[in-house]
Each structure stands twice: as structure tokens, then as C-alpha cells.
Amino acid sequence: MIRVLLADDQSLVRAGFRALLDAQPDIEVTGEAADGEEALHKVRELRPDVVLMDIRMPRLDGLAATRRVTGEPELADVKVVMLTTFELDEYVFEAIRSGASGFLVKDTEPDELVRAVRAVVAGDALLSPGVTRRLIAEFAARSKEPAAADVLVRLTEREREVMALVGIGLSNEEIARRLVVSPLTAKTHVSRTMVKLGARDRAQLVVLAYESGLVRPGWLG
């Protein structure tokens, strides 16, 4: 059973999400929060698998709450998915860097929301390739000189190659075609790379690809 915490200051939004998710045989809404402070308290108390976290909330906003959740080692298994009204919300970029596993627009189709919850628990990419590319473009626009590439010494040559392809926004299927391997093999390489680098998810792997200098602005394909 996938355990979900809903954090949104609008009770109507929470009620709608709860009705949809509780109707699924493998998903259970274990709690709700109306602000960031309450969300943080509920995460520590309930240890959900996924938190659907609104970006804009009173007392403590979703971005600050996400930083605190992802910064606590004992909450390492909790995945945070940011909720936003607009796909290009100005805070989405910082949310990913803060450790969020991805984001959803609030008016997403119901089946997409359900799939997203299952995907993030499975460790798959929550961000679509198109959204990932926009995220990368934003990172490229803001990035300074890359940090030292010390983290890359942990990777094999093939894993570096795969990480670079993830960094330019390719999906597992696109990586498989580029490297002439099966999608399962591509997914395995991505998973191993994330484990070696301690990346929580694919979105964080994109950020690491830029910060290590493995991928640089202008490499978008």
C-alpha cells in the first residue's frame, strides 16, 4: 500500500485528491496538512511514501518544508512531489534542487496524478522529457562554473555516458535507442548511477550532471 500525505492550504483541493487517491486499491491517504509546519510534523509522525506538497502555503511554504524533509536522513525514503498552479512556476526549479522528486500541476488529469504517485514510489522519472528539458534550460541559464567533478570517479565510463544523456533530458527509451541497448538495460544503468551518487531520483541526477560539469549549457539536443 502506497501511503500519501496531502499538504495544501485549500481544503477543497485536499478533498478532491483524497477522494481520487483513496479510490485506488493500492493507495491510501494517511494524513493532511494545511501549511508547511503541519506538513513537516505529519511527515515525521506518519512517514508517508509520498508527500503531495503545495508550493505556496502559510507559516512555512512548500519549498522550505521540502528542504527540511529531504535534509533529514531518517526521512530519506519519503518522496516529495510539488504541486503548482502553473507548470513553469518560478519556484519549480528551486524545488527540484531542494530535493523534490518532481512536480505536478493541480489541474492534471486524474489518471495522470495516480500514475505519478505510483511512478515516484517506483523510482521512475516523474518529469516528462519535455518538462525535464525546460528544467535543464533553466538550470543552464542560472548555473555558474561547474563544481569539481570528484563524484564522477565513482562511475564507469558507460554510467557517465548514461548520466550525460539523462542530463540532456532523454528518457530511458531514448537512451536505449542512442546506446543500442534494451530499455530495461538503460533503466538499470540509470538506477545504478543514482545509487552510486546518492541521488534521490532522476531529477536530482540531472542537477548533478550539470554541477559536476559532465553536461554544460548549450548541450540540449
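Residues numbered from 1 in each chain as written. Predicted model: local features only at pLDDT ≥ 70, side-chain atom pairs only at ≥ 80, totals over all residues. Heavy atoms only, no water.

Q: Just give me the short version of the pattern of salt bridges, but keep the residues and values in it.
A: Evaluated as defined, the whole model comprises 14 salt bridges. In this structure, Arg118 engages Asp26 in a salt bridge whose closest nitrogen and oxygen atoms are separated by 2.9 Å. With Arg118 in helix H5 (residues 110-122) and Asp26 in the loop between helix H1 (11-22) and strand S2 (27-33), the pair connects residues that are 92 residues apart, well separated along the chain. A residue is classified by how much of its surface remains accessible, and Arg118, at 31% relative accessible area, is partly exposed. (Salt bridge = Lys/Arg side-chain N within 4 Å of Asp/Glu carboxyl O. Helix = DSSP H or I, 4+ residues; strand = E, 2+ residues; numbered from the N terminus. Buried < 20%, exposed > 50% of the residue type's maximum accessible area, 1.4 Å probe, protein only.)

Q: Break down the packing of helix H7 (residues 157-167) against helix H8 (residues 172-179) for me, citing the residues and quoting the values.
A: Contact geometry for H7 and H8: axes closest at 10 Å, N-to-C directions at 130°. Relative to H8, the element H7 lies oblique. Between H7 and H8 the crossing geometry is right-handed. Contact residues: Arg158, Glu161, Val162, Leu165 and Val166 in H7; Ile175, Arg178 and Leu179 in H8. Classifying every residue of the contact of H7 with H8 by side-chain character gives 5 nonpolar, no polar and 3 charged. (Axes fitted to C-alpha atoms, helices over the stretch in contact; angles between N-to-C directions. Parallel < 35°, antiparallel > 145°, perpendicular 65-115°, else oblique. Left-handed = near helix turned anticlockwise from the far one by under 90°. Contact = heavy atoms within 4.5 Å. Nonpolar A, V, L, I, M, F, W, Y, C, P; charged D, E, K, R; others polar.)

Q: Explain H7 to me, using residue names and the numbers behind them.
A: Within H7, burial applies to Glu159, Val162, Met163, Ala164, Leu165, Val166 and Gly167. Just downstream of H7, Gly169 is the residue with a positive phi angle, here 95°.

Q: Break down the pairing of strand S5 (residues 102-105) for me, citing the residues and quoting the values.
A: Of the two faces of S5, both are covered, the one formed by Gly102 and Leu104 as well as the one formed by Phe103 and Val105. Where strand S4 (residues 79-84) lies against S5, 4 bridges are found, and the strand directions are parallel. Along S5, the bridge assignment pairs Leu83 with Leu104. (Pairing = 2+ DSSP bridges.)

Q: Help me get a handle on the environment of Lys106, residues and values and all.
A: Residue position: Lys106 is located in the loop between S5 and H5. For the pair Lys106 and Asp54, spaced 52 residues apart in sequence, the C-alpha separation works out to 9.1 Å. Aside from chain neighbours lying at most four places away, what touches Lys106 is Asp8, Gln10, Phe17, Asp54, Leu83, Thr84 and Thr85. A distance of 2.9 Å separates polar atoms of two side chains, one belonging to Lys106 and the other to Asp8. Looking at Lys106, its side chain comes within polar contact range of the side chain of Asp54, at 3.3 Å. (Polar contact = N/O pair within 3.5 Å; in protein donor to acceptor, adjacent residues only side chain to side chain.)

Q: I'd like to hear about the side chain of Asp8, residue by residue, with values.
A: Among the secondary structure elements, Asp8 is positioned in the loop between strand S1 (2-7) and H1. Classification of Asp8 by relative accessible area gives buried; the value is 2%. A polar contact of 2.8 Å, which involves the side chain of Asp8, links it to the backbone nitrogen of Gln10. Those residues within four positions of Asp8 in sequence are excluded, and the remaining contacts are Val13, Arg14, Ala33, Ala34, Asp54, Met57, Leu83 and Lys106.

Q: Quick one: what's the story with unusual backbone geometry, residue by residue and with numbers?
A: Despite not being glycine, Arg47 has its phi angle at roughly 50°, a positive value. Structurally, the position occupied by Arg47 is in the loop between helix H2 (36-46) and strand S3 (50-54). The phi dihedral of Arg59 falls on the positive side, at around 65°, and the residue is not glycine. Mapped onto the secondary structure, Arg59 falls in the loop between S3 and helix H3 (62-70).

Q: Describe the environment of Arg18, naming the residues involved and giving the relevant values.
A: Locating Arg18 in the fold gives a position in helix H1. The contacts of Arg18, once residues within four sequence positions are left out, are Leu6, Val29, Gly31 and Glu32.

Q: Please give an account of the UniProt feature "modified residue: 4-aspartylphosphate" (unreviewed entry) in the protein chain that cites residues and values.
A: UniProt's feature table lists "modified residue: 4-aspartylphosphate" (unreviewed entry) at Asp54, given in the numbering used throughout. With respect to the element layout, Asp54 can be found in strand S3. When sequence neighbours within four positions are dropped, the list of residues in contact with Asp54 reads Ala7, Asp8, Asp9, Gly62, Met82, Leu83 and Lys106. (UniProt positions renumbered as here; feature names shortened; annotations may be inferred.)

Q: Any details on the nonpolar core? Residues and values, ideally.
A: Of all hydrophobic cores here, the largest spans 24 residues; its most connected members are Met163, Val166, Ile175, Val190 and Leu205. Only H7, H8, helix H9 (183-197) and helix H10 (202-211) provide two or more residues apiece to this core. Excluding anything up to four places from it in sequence, Ile175 contacts Val162, Leu165, Val166, Leu170, Ala186, Val190 and Arg202. If you look at the next biggest cluster of nonpolar residues, it comprises 22 residues, including Val69, Val78, Val80 and Phe103. (Core = buried A, V, L, I, M, F, W, Y, C linked by side-chain atoms within 4.5 Å.)

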